[in-house]
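Coordinate analysis (summary)
Now for the letters of each chain:
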Amino acid sequence: MKADKIQGRRDKISDKETTYSSMNHLPFRSTSKLHSAISNWQNFESIRLEKSGRKQEMMTVYELSCIVKMDIDLTWKMVMKMFPDMEKLKIQDRSSLLNNFIVKLWQLIPILDFLNNSEKYSDLKEEDIQQMVIWFYQGCFPEDQQMSMALLRKFMSFWTFHYTKIILPIAALELEKAEIMAIIWMIFVDYGFTNISSECQEMCRHIKKLILRELKSYQIDRNFDETRFLDTVETLEIIERGEKKFMEEMILCEMHHVRIHDDFKAILKENRL
């Protein structure tokens, strides 16, 4: 699979005007969605950590792929609390939005982990990244196969890219929790995919408008510089670059028969079409 085919389902969608009652009754300066998103996300993280059975140690790639169905279920419950109108979507649209998001969730979790533990990760050395890669893939190769140094270096190149080109630039913005929530939910309602219906695209477009409006209001209320709004929105492009690299990493896993749960394999396959 060539890298330029990885995001083939994305397409540019022209803007249309459609009204959703649950989104138009809020005053312009309201930031209620972003504030409720903080507690909803904290609850998501708490339940996810408890149900995964992990308290501190990072999971291997196989262990992480095994909780995909749980992640989907927890994410949808969070969506229903945040945007109950999305229950009206067709089942296929719900599934597509969730599958599109789950791949990005694998990018978001390390970013949030860094932001919450910046002192621990702020000065990672090459040997630190190497140990993290070894841990992440340990026990995930066929019994008669081990990770060679050449393959380890290939995996390290992806992790180094993610650390230096994705995590550190976002961390440097020193975004507040509400701003991070805006990013997460704009990622979820990304309507630039061709595997969702026009009705779903329309609903996502208007939810994104709501999020952008609240993000702008939040930053105005705190007297942030105007450039901060653009910097915050541009993190979406940074995360998308990270997703492309991640998909390349998963292709490398496939080539070397790394053990990944079938549920996540199916999601990866859908994201490559």
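Residues numbered from 1 in each chain as written. Predicted model: local features only at pLDDT ≥ 70, side-chain atom pairs only at ≥ 80, totals over all residues. Heavy atoms only, no water.

1. Topic: the packing of helix α2 (residues 32–52) against helix α9 (residues 177–188)
Working note: a packed helix pair is described by the angle between its axes plus the distance between those axes. Packing of α2 against α9 brings their axes to within 9 Å, and their N-to-C directions diverge by 80°. Put simply, α2 runs roughly perpendicular to α9. For the pair α2 and α9, the contacting residues are L34, A37, I38, W41 and Q42 in the first and K177, A178, M181, A182, I184 and W185 in the second. When the residues that make up the contact of α2 with α9 are grouped by side-chain class, the tally is nine nonpolar, one polar and one charged. (Axes fitted to C-alpha atoms, helices over the stretch in contact; angles between N-to-C directions. Helix = DSSP H or I, 4+ residues; strand = E, 2+ residues; numbered from the N terminus. Parallel < 35°, antiparallel > 145°, perpendicular 65-115°, else oblique. Contact = heavy atoms within 4.5 Å. Nonpolar A, V, L, I, M, F, W, Y, C, P; charged D, E, K, R; others polar.)

2. Some thoughts on the packing of aromatic side chains
By the definition in use, this model includes twelve aromatic pairs. On the numbers, 6.4 Å between centres and 20° between planes, the contact of F114 with Y121 is stacked. Under the relative-accessibility criterion, F114 is labelled buried at 6%. Seen from their ring centres, F136 and Y137 are 5.1 Å apart, and the 85° between their planes marks the pair as edge-to-face. Accessibility expressed as a relative area gives 1% for Y137, which makes it buried. Put simply, the rings of F83, F101, W185 and F188 pair up and form one aromatic cluster. Directly above the ring of Y218 sits R222, whose terminal nitrogen or CZ lies 3.6 Å from the centroid. The ring of F224 carries the charged tip of R228 above its face, separated from the ring centre by 4.1 Å. (Phe/Tyr/Trp six-rings, centres within 6.5 Å; stacked < 30°, edge-to-face > 60°. Buried < 20%, exposed > 50% of the residue type's maximum accessible area, 1.4 Å probe, protein only. Lys NZ or Arg CZ within 6 Å of the ring centre and 35° of its normal.)

3. Here's the deal with the confidence of the model for the chain
Across the chain, pLDDT averages 87, with 88% of residues at or above 70. Long-range and interchain partners of residues 1–8, a stretch whose pLDDT sits below 50, account for 14 contacts in this model, where long-range means more than four residues apart. (pLDDT = per-residue confidence, 0-100.)

4. What about the environment of L175?
Inspection of the secondary structure puts L175 in the loop between α8 (149–172) and α9. L175 sits in the buried class, given a relative accessible area of 15%. For the pair L175 and T232, spaced 57 residues apart in sequence, the C-alpha to C-alpha distance is 7.8 Å. Not counting the four nearest positions on each side in its chain, L175 is found in contact with I180, I183, R228, T232 and T235.

5. Some remarks on unusual backbone geometry
Positive phi, close to 50°, is recorded for E174, a residue that is not glycine. Inspection of the secondary structure puts E174 in the loop between α8 and α9. Using a relative accessible area of 63% as the deciding quantity, one classes E174 as exposed. In this structure, H257 is a non-glycine residue whose phi angle is positive, near 60°. Relative to the helices and strands, H257 resides in the loop between α11 (227–255) and α12 (262–272).

6. Regarding the side chain of E179
Structurally, the position occupied by E179 is in helix α9. Among the residues examined, E179 registers a relative accessible area of 0% and is labelled buried. Polar contacts involving the side chain of E179 include one to the side chain of R228, which spans 2.6 Å. Discounting residues that sit within four places of it in the chain, E179 has contacts with L215, Y218, Q219, F224, R228 and T232. (Polar contact = N/O pair within 3.5 Å; in protein donor to acceptor, adjacent residues only side chain to side chain.)

7. Things to note about the pattern of salt bridges
With the rule as written, the count across this model stands at eight salt bridges. Across the salt bridge formed by R222 and E176, the nearest N and O atoms sit 3.6 Å from each other. Taken as a pair, R222 in the loop between α10 (198–221) and α11 and E176 in the loop between α8 and α9 lie far apart in primary sequence, 46 residues in all. (Salt bridge = Lys/Arg side-chain N within 4 Å of Asp/Glu carboxyl O.)

8. Brief notes about the state of the cysteines
Per the counting criterion, the structure on display carries zero disulfides. Note on C140: no disulfide assigned, nearest cysteine sulfur contributed by C253 at a separation of 8.5 Å. The class of C253 is buried, set by a relative accessible area of 0%. (Disulfide = S-S within 2.5 Å.)

9. A look at a negative patch on the surface
On the surface, D225, E226, D231, E234 and E237 cluster together into a negatively charged patch. Looking at the element boundaries, E237 is found in helix α11. The exposed category is assigned to E237, whose relative accessible area is 51%. (Patch = residues over 30% accessible without salt bridge, like charges linked within 9 Å, V, L, I, M, F, W, Y side chains within 5 Å. Areas by Shrake-Rupley, 256 points an atom, 1.4 Å probe, with all protein chains shown as cover. Lys, Arg positive; Asp, Glu negative; His and termini not counted. Charge placed at Lys NZ, Arg CZ, Asp CG, Glu CD.)

10. Here's the deal with α12
Of all the residues in α12, the buried ones are F264, I267, L268, E270, N271 and R272. Of the surrounding secondary structure, the elements contacted by the buried residues of α12 are α3 (61–66), α4 (68–82), α5 (91–116) and α11.

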